[in-house]
Structure formats: C-alpha cells, structure tokens
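Given next are the chains, with one letter for each unit.
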Amino acid sequence: MKIRKACSSDKGNIWKLHVASIRKLCVNHYTPEQLNAWTSVLTPSVYDQALKEKVFLVAHDSQQDLIGIGIFDVGCAEVSAIYIHPDATGKGVGSQLLNELETIARKSNIFKITVYSTLNAKGFYMVHGYLEQELTFHDLSNGSKLECIRMFKNLLNDAEQRH
Ligand SMILES: CC(C)(COP(=O)(O)OP(=O)(O)OC[C@H]1O[C@@H](n2cnc3c(N)ncnc32)[C@H](O)[C@@H]1OP(=O)(O)O)[C@@H](O)C(=O)NCCC(=O)NCCS
C-alpha cells in the first residue's frame, strides 16, 4: 500500500470509492433515505474544490487501484474525510492516512485538529486519540441532514513525541 497526493485524473475512481464506502460501511448508522441523499450529491466534479484547496491524499494497492482517500483542510485545521474501500478495511489503511494527515498538520504548525465523524467512525477516531465534543449535523447540498460527531485531538509537537 502506498499513499500519494491525489490528482485530477483520480476523480472518477475517488467518486466510486467514496460511494462504495458510504453504501457499505455507513449502512448500519444511517437510513436508506439518508444514504441515497448522501450519495446522490456526489459526482466526480464534487472533488474539484478539495483537490485545489485542501491536502488530498489517496492510498493505492500494488495494482494502482485506489483503496482509500484522506482529506485535510489546513485553513480549518480539520480532517475533512477519510474513506476506505469496503474491501480494504481493517488493514491499517485508514490509520496510515490519518497519521499522514496529522503529520502534515504538525508541519503546518497545527496542534489541535477537528473532525466531523460519521456515527460509524467514532470508534476509529477514538482509537487514534480523538475526543468526542458534541453531536451535530452535516448539511447536504440537497437539504438533507446527516448526524455526525464533532471530535478533536491535541497533537503533540515533535519534541513531545520523542519523550
Ligand atoms: C472508519 C474507517 C476510516 C476505518 O478505516 P480502516 O482502514 O478500516 O481502519 P484501520 O484498519 O486503520 O483500524 C485502526 C483501528 O481502528 C479500529 N476501528 C476501525 N474502524 C472502526 C470502527 N468503525 N469502530 C471502532 N473501531 C474501529 C480498528 O479496530 C483498529 O484498532 P486496533 O488498532 O486497536 O486494531 C473505515 O471503516 C471507513 O472508511 N468507514 C466508512 C467511511 C467513514 O465513515 N469515514 C469517516 C468519515 S469522517
């Protein structure tokens, strides 16, 4: 598994992975109506802005097939997304993407980061030291709302990490 920066030609595969991840991995925490509303606002061009303005990483396997995406918004000090392909979960891909995003945050002198976690991913972020702040909502462009959990983590700086 390798991680690299995403590029515009990845958009179609990012979209397929994102939709597959939501449909399979979020199914126990959101209604079918919510899942439909969520995936219906996604298209390959939805990622244009994040590709331009955010740190956008992809993880791929030895066949170059995408197995995960990770997005960090430096301006908002926020992990915007981590989505793993349903066939690639439980192998540390999400952890490696998150570690990479946290490293980029530290290099940008950001030591407190936020994530609006899906209900299903709360345990994943807790394993990585994120603390729950409040239950909130993500507004979709079609007017639907998705419950999510605002979480934060205080990152150690390099000197603190060495101790
Ligand atoms: C949540 C997600 C990113 C985890 O990715 P992953 O590659 O499967 O996670 P990892 O293999 O790196 O797991 C790391 C640790 O987190 C734990 N973990 C992973 N997913 C978990 C979950 N949903 N609930 C509780 N713990 C979880 C693992 O057990 C593992 O713990 P360990 O190190 O003690 O064994 C992935 O399941 C996913 O893409 N989910 C759907 C999309 C989503 O909701 N993303 C979050 C958007 S904010």
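Residues numbered from 1 in each chain as written. Predicted model: local features only at pLDDT ≥ 70, side-chain atom pairs only at ≥ 80, totals over all residues. Heavy atoms only, no water.

A. Highlighting the side chain of Gln-34. Tracing the backbone shows Gln-34 in helix 2 (residues 32-40). Judged by relative accessible area, Gln-34 falls into the buried class, the value being 16%. Within the local environment of Gln-34, its side chain forms a polar contact with the side chain of Glu-147, the two groups lying 3.1 Å apart. Gln-34 has contacts with Lys-145, Leu-146 and Glu-147, leaving out every residue within four places of it along the chain. (Helix = DSSP H or I, 4+ residues; strand = E, 2+ residues; numbered from the N terminus. Buried < 20%, exposed > 50% of the residue type's maximum accessible area, 1.4 Å probe, protein only. Polar contact = N/O pair within 3.5 Å; in protein donor to acceptor, adjacent residues only side chain to side chain. Contact = heavy atoms within 4.5 Å.)

B. The pattern of salt bridges, seen in detail. On inspection of all chains with the given rule, the structure shows seven salt bridges. Here Asp-73 ties to Lys-54 by a salt bridge, and the two come within 3.9 Å at their closest N and O atoms. Taken as a pair, Asp-73 in strand 3 (residues 66-73) and Lys-54 in the loop between helix 3 (48-53) and strand 2 (55-60) lie far apart in primary sequence, 19 residues in all. Given a relative accessible area of 15%, Asp-73 falls into the buried group. Note that Glu-132 is salt-bridged to Lys-122, the shortest N-O span being 3.0 Å. Placement of Glu-132 in strand 6 (residues 131-139) and of Lys-122 in helix 5 (residues 122-127) is noted, with a sequence separation of ten residues between them. A relative accessible area of 45% means that Glu-132 is categorised as partly exposed. (Salt bridge = Lys/Arg side-chain N within 4 Å of Asp/Glu carboxyl O.)

That is the geometry; function is a separate question.
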